[in-house]
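Listed here are the chains, written in short residue letters.
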Amino acid sequence: SATTTISGSGPQFIAVDATSGAATITLMPSSWSYMKMVHIVKTDNSANAVTIDKDASDSWYCSTSPLTLSAQWDSVTLVGISTDTLAGWYIIATM
């Protein structure tokens, strides 16, 4: 299995190959990523899942934690929100 934490600025496209084992992608805190868009796709057809988790200080909006991509080409697009009253990740599209 592999674990990766997303960092950096600007929108990101992350293609995950979980052929060799389950993978976990951890999103950076939304306070570091106001309006950051991230698209994650599982590219392989193995039975290994890709789990998407968030920073402990954040909330999920429109879902529960963690997200799981199970099938080849499953994907999710998220946007980070951080205001005085909201802090977390909105799911804006799934496929």
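Above this note sits the structure.
Below, the structure is looked at part by part. These figures come from a predicted structure and were not determined experimentally.

Some points on the nonpolar core
Within the largest apolar cluster, 19 residues are counted, with the highest numbers of intra-cluster contacts made by I6, L27, I40, I52, V76 and L78. Looking at this core, the elements with two or more residues in it are β2 (12-16), β3 (23-26), β4 (37-42), β5 (50-53), β7 (67-69), β8 (75-82) and β9 (87-94). With residues up to four places along the chain from it excluded, the contact list for I6 reads Q12, I14, I25, T26, L27, M28, K36, V38 and I40.

Side note on the packing of aromatic side chains
Summed over all chains, the structure comprises one aromatic pair. Note on Y61 and Y90: the rings are 4.5 Å apart at their centroids and 20° apart in plane angle, and the pair reads as stacked. On the criterion of sequence distance, the pair formed by Y61 in strand β6 (residues 59-61) and Y90 in strand β9 is long-range, its members being 29 residues apart. The buried category is assigned to Y61, whose relative accessible area is 17%. Judged by its relative accessible area of 25%, Y90 is partly exposed.

What counts and how
Residues numbered from 1 in each chain as written. Predicted model: local features only at pLDDT ≥ 70, side-chain atom pairs only at ≥ 80, totals over all residues. Heavy atoms only, no water. Core = buried A, V, L, I, M, F, W, Y, C linked by side-chain atoms within 4.5 Å. Buried < 20%, exposed > 50% of the residue type's maximum accessible area, 1.4 Å probe, protein only. Helix = DSSP H or I, 4+ residues; strand = E, 2+ residues; numbered from the N terminus. Contact = heavy atoms within 4.5 Å. Phe/Tyr/Trp six-rings, centres within 6.5 Å; stacked < 30°, edge-to-face > 60°.

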